[in-house]
Every structure is written in C-alpha cells, then in structure tokens.
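Residue-level listing of the chains:
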Amino acid sequence: VGEQVLLKCSFKSSSPITESLLVDWTYRPLSGGQMETIFHYQSIPHPTTAGKFKDRISWVGNVANGDASIAIQSPVLSDNGTFICSVKNPPDV
C-alpha cells in the first residue's frame, strides 16, 4: 500500500513489431464482477480516463523489447484483483 506497483508483462512475437501492435490491460476486482479495461496501448499509451485507476496508471513498457508493463501509483488494498495483459501484433496474437 502506498508504494508504486509494477505489473510486468513480457511477450514474444513471430511478426515484426509495427504500429498495429495493441496492448490491453484488464482488471477484475477480487470480489468478482465485470472485467474493465484499465489501459490501452497502440503506438502511444492510453490510460483509462474513468474508474478507480483514473490518473494512476503509467506506461513503463517498451514494445520494441517485448515489454508491455505498466505501473500503478498510490495502490490501496481495494485494488487487489486479477490483472490481465493482452498483446496482439497482427497477424500474430
């Protein structure tokens, strides 16, 4: 609680990395409920503009190095849950 949390995500692709590469981070609370997209990357980072993670997520990845990691500022216990990183690099998924 309180210290920045790094959520690591690494990927490999058989296709060259292009501007078509997409990264989506989704979150589901421990208590269950709807999955929500909290971060999207396509050429540039697009942090969520609503919800509990608004203004608290930063892009720390480098897609050229196979890294799609994010950081969460000021985490609280209620942030606990399942975080899923999805990377698509057409035609490779």
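Here the structure is a predicted model, which is why all the values come from computation and not from measurement. (Residues numbered from 1 in each chain as written. Predicted model: local features only at pLDDT ≥ 70, side-chain atom pairs only at ≥ 80, totals over all residues. Heavy atoms only, no water.)

S.K.: Quick question: what am I supposed to make of the UniProt feature "domain: Ig-like" (unreviewed entry) in the protein chain here?
M.R.: Feature annotation in UniProt places "domain: Ig-like" (unreviewed entry) on residues 1-93, given in this structure's numbering. The span residues 1-93 shows a helical share of 0% and a strand share of 39%, and its end C-alpha atoms are spaced 34 Å apart. (UniProt positions renumbered as here; feature names shortened; annotations may be inferred. Helix = DSSP H or I, 4+ residues; strand = E, 2+ residues; numbered from the N terminus.)

S.K.: Whenever I open this one, the side chain of Thr 26 confuses me. Can you help?
M.R.: As for its placement among the helices and strands, Thr 26 is situated in strand E2 (residues 22-29). Residue classification places Thr 26 among the buried positions, given a relative accessible area of 18%. (Buried < 20%, exposed > 50% of the residue type's maximum accessible area, 1.4 Å probe, protein only.)

S.K.: For this particular structure, what's the right way to read the sheet that holds strand E4 (residues 44-47)?
M.R.: Within a beta sheet, neighbouring strands are joined by backbone hydrogen bonds and run either parallel or antiparallel to one another. Taking strand neighbours across the sheet as the criterion, the four strands line up as E4-E3-E2-E7 in an open arrangement whose pairing is antiparallel. The open sheet is flanked by E4 and strand E7 (81-88), the only strands paired with a single partner. On average, adjacent strands in this sheet sit at an angle of 15 degrees to one another, irrespective of strand direction. Note that E2 and E7 share eight bridges and pair antiparallel. Opposite Arg 28, over in E7, you have Thr 82 as the bridge partner. (Pairing = 2+ DSSP bridges. Axes fitted to C-alpha atoms, helices over the stretch in contact; angles between N-to-C directions.)

S.K.: Could you clarify how one ought to interpret unusual backbone geometry in this entry?
M.R.: Excluding glycine, most residues fall at negative phi; most peptide bonds, likewise, are trans. Omega for the bond connecting Pro 90 with Pro 91 falls within 30 degrees of zero, at 0 degrees, which places this linkage in the cis form. Relative to the helices and strands, Pro 91 is located in the segment after E7. Even without being a glycine, Asp 55 presents a positive backbone phi close to 65 degrees. Tracing the chain through its elements places Asp 55 in the loop between E4 and strand E5 (57-59). We note that Ser 74 has phi near 45 degrees; this positive angle belongs to a residue other than glycine. With respect to the secondary-structure elements, Ser 74 resides in the loop between strand E6 (70-72) and E7.

S.K.: Looking at this structure, how should I read the nonpolar core?
M.R.: Grouped together as the largest cluster of nonpolar side chains are 18 residues, with contacts concentrated most on Val 23, Trp 25, Trp 59 and Ile 70. Mapped by element, the contributors of at least two residues to this core are E2, strand E3 (36-42), E5 and E6. (Core = buried A, V, L, I, M, F, W, Y, C linked by side-chain atoms within 4.5 Å.)

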